[in-house]
There are 2 protein chains.
Amino acid sequence: MRISTRGEYGLRAMVELALYQGQGPLALNVIAQRQGISEPYLEQLMGTLRKAGLVNSVRGAQGGYELSRPAAKVTVGQVLRALEGPIIPSECLTEDGEFVCVQMEECATRLLWRKLQEAIDSVVDAITLADLADEQRRLQVRSGALMYEI
Amino acid sequence: MRISTRGEYGLRAMVELALYQGQGPLALNVIAQRQGISEPYLEQLMGTLRKAGLVNSVRGAQGGYELSRPAAKVTVGQVLRALEGPIIPSECLTEDGEFVCVQMEECATRLLWRKLQEAIDSVVDAITLADLADEQRRLQVRSGALMYEI
DNA sequence: AGGAATCCCTACAGGAATGGTCGGATTTGT
DNA sequence: ACAAATCCGACCATTCCTGTAGGGATTCCT
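For the structure given in this document, a descriptive report is provided here. What you are looking at is a predicted structure, and each value in this text was computed from that prediction instead of being measured. (Residues numbered from 1 in each chain as written. Chains lettered and ligands numbered in written order. Predicted model: local features only at pLDDT ≥ 70, side-chain atom pairs only at ≥ 80, totals over all residues. Heavy atoms only, no water.)

Our focus in this paragraph is the protein's contact with DNA strand C. Near DNA strand C there are 27 residues, and of these R6(A), S38(A), E43(B), R50(B) and S57(B) occur at the shortest range. Near the protein, meaning within 4 Å, the atoms of DNA strand C are sugar or phosphate in a fraction of 68%, with bases accounting for the rest. Between G60(A) and DNA strand C, the recorded distance is 3.4 Å, taken from a backbone N or O atom to a base oxygen. The side chain of E43(B) places a nitrogen or oxygen atom 2.6 Å from a base nitrogen of DNA strand C. (Near = heavy atom within 4 Å. Polar contact = N/O pair within 3.5 Å; in protein donor to acceptor, adjacent residues only side chain to side chain.)

If you want it as structure tokens, here you go:
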């Protein structure tokens, strides 16, 4: 029951983009270096996020990536689902919360899976990239980093 | 972000044991057949559950498995963690909610992982096998099954 | 005592997912 | 034109998942 590095790396990259939103596109190698992620690997992830419509890319020199919407309009759930597929605890559940379990017509564990999914969704759909970017700024200020960038 | 079949099968088997608790041990092949699970595969899972202290086994003819505690004292979280390892969203987190992320000293996504874990734990640690067994009985009665067993 | 039932354990195996790498094609600012 | 970037598809090693196989140990029943 884990989020893979895809979701973790991709989300960290998205937070990075949120931090610098409105300042032009951010190049892949900058993000990768800043987050300590393999560049070609992150490239794949960004491709997925672009196809999902969450980021825009600018090709050519001085190009890079930027959020396609304000950070406050992008939820963590959207990012994670784009990268990891539907976040559902069991095969029994579809993305819509429907059941597709053929095995048993009536199975008590469904009750559990549904509650689990609701709990997860209520978290990932409530937190936006803006929330995480705010948190990140707070942490950076506290630890005294990044002040030389003014 | 899924529970594997290990957790799913194991939990279904545990619900089965909860349903028949107090009526002597339930043989592996009975559970496997009733739940539509490969018998040798389920055998492995039961071994894990036994080592975790969640079930007792009775060897020899007429043997089988039974819950080591009342169903109301066994949470879904205990079963899932025994079978799947710690239920944590990210590598950053340990079982205790501590952070072990070496990469970045301060990372905003930690906020998210912690909230996610709290949400998941609040579900799996609140639901017991007795809850699921009750639900199962309710479903079976409603669908008119099992009445010929009286 | 003997056989049958049943759990116990280890090893193996095919397939999918994970976590990347690599090389080249394409686009675009300078 | 050149360099900086994204884009794209193929490849690859490792691990995890989902079992299977086979034999050993224990206990009940007759």
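Looking at DNA strand D, there are 25 residues lining it, with L28(A), E43(A), R50(A), S57(A) and S38(B) nearest. If you look at DNA strand D and keep only atoms within 4 Å of the protein, 67% of those are sugar or phosphate atoms. A distance of 3.3 Å is found between a phosphate oxygen of DNA strand D and a side-chain nitrogen or oxygen belonging to Y9(B). In this structure, Q44(B) approaches DNA strand D through a side-chain N or O atom, which is 2.7 Å from a base oxygen.

Between its first and last C-alpha atoms helix α5 (residues 109-124) of chain A spans 23 Å; for 16 residues at 1.5 Å apiece the expected length is 22 Å, and the two agree. All of the buried residues along α5(A) are T109(A), R110(A), L112(A), W113(A), L116(A), Q117(A), A119(A), I120(A), D121(A), V123(A) and V124(A). (Helix = DSSP H or I, 4+ residues; strand = E, 2+ residues; numbered from the N terminus. Expected span 1.5 Å × (residues − 1). Buried < 20%, exposed > 50% of the residue type's maximum accessible area, 1.4 Å probe, protein only.)

To continue, consider the packing of aromatic side chains. Residue and element names in this part refer to chain A. Within this structure, the stated rule accounts for two aromatic pairs over all chains. Plain terms: the ring middles of Y9 and Y41 are 6.0 Å apart, the flat faces sit at 80 degrees to each other, and that makes the pair edge-to-face. Taken as a pair, Y9 in helix α1 (residues 5-19) and Y41 in helix α3 (residues 39-51) lie far apart in primary sequence, 32 residues in all. Looking at Y41, the relative accessible area reads 26%, which means it is partly exposed. (Phe/Tyr/Trp six-rings, centres within 6.5 Å; stacked < 30°, edge-to-face > 60°.)

Time to look at helix α4 (residues 76-84) of chain B. Residue and element names in this part refer to chain B. All of the buried residues in α4 are V76, G77, V79, L80 and L83. Down the axis of α4, the buried set is contained in an arc of 160 degrees. They therefore lie on one face. At the exit of α4 stands G85, carrying a positive phi of roughly 80 degrees. (Arc of directions from axis to C-beta.)

Below, the discussion takes up the pattern of salt bridges. All names here are of chain A. All chains considered together, the criterion is met by twelve salt bridges over all chains. Across the pair D121 and R81 runs a salt bridge whose closest N-O atoms are separated by 3.4 Å. With a gap of 40 residues between them, D121 in helix α5 and R81 in helix α4 (residues 76-84) connect regions that are remote in the sequence. Here E135 and R138 are joined by a salt bridge, their closest N and O atoms 3.1 Å apart. Here E135 pairs with R138, and both are found in helix α6 (residues 129-142), just three residues apart, close to one helical turn. Residue classification places E135 among the buried positions, given a relative accessible area of 15%. A relative accessible area of 44% places R138 in the partly exposed class. (Salt bridge = Lys/Arg side-chain N within 4 Å of Asp/Glu carboxyl O.)

What follows deals with the relation of the copies chain B and chain A. Screw-axis analysis of chain B against chain A gives a translation of 0.0 Å along the axis, an RMSD of 0.0 Å, and a rotation angle of 180 degrees. The superposition of one copy onto the other is thereby described by a two-fold rotation axis. Interface overlap between copies is the fraction of interface residues in one copy that are interface residues in the other; for chain B against chain A it reaches 100%, indicating a shared surface. (Least-squares fit on C-alpha atoms with pLDDT ≥ 70 in both. Contact = heavy atoms within 4.5 Å.)

Time to look at the packing of α1(A) against helix α5 (residues 109-124) of chain B. Two measures define how a pair of helices packs: the angle their axes make with one another and the distance between the axes. Where α1(A) meets α5(B), the axes come as close as 10 Å, and the angle between the chain directions of the two elements is 135 degrees. Comparing their axes, α5(B) and α1(A) come out oblique. Along its contact with α1(A), which presents E8(A), L11(A), R12(A) and V15(A), the element α5(B) presents T109(B), L112(B) and W113(B). Among the residues forming the contact of α1(A) with α5(B), the class breakdown is four nonpolar, one polar and two charged. (Axes fitted to C-alpha atoms, helices over the stretch in contact; angles between N-to-C directions. Parallel < 35°, antiparallel > 145°, perpendicular 65-115°, else oblique. Nonpolar A, V, L, I, M, F, W, Y, C, P; charged D, E, K, R; others polar.)

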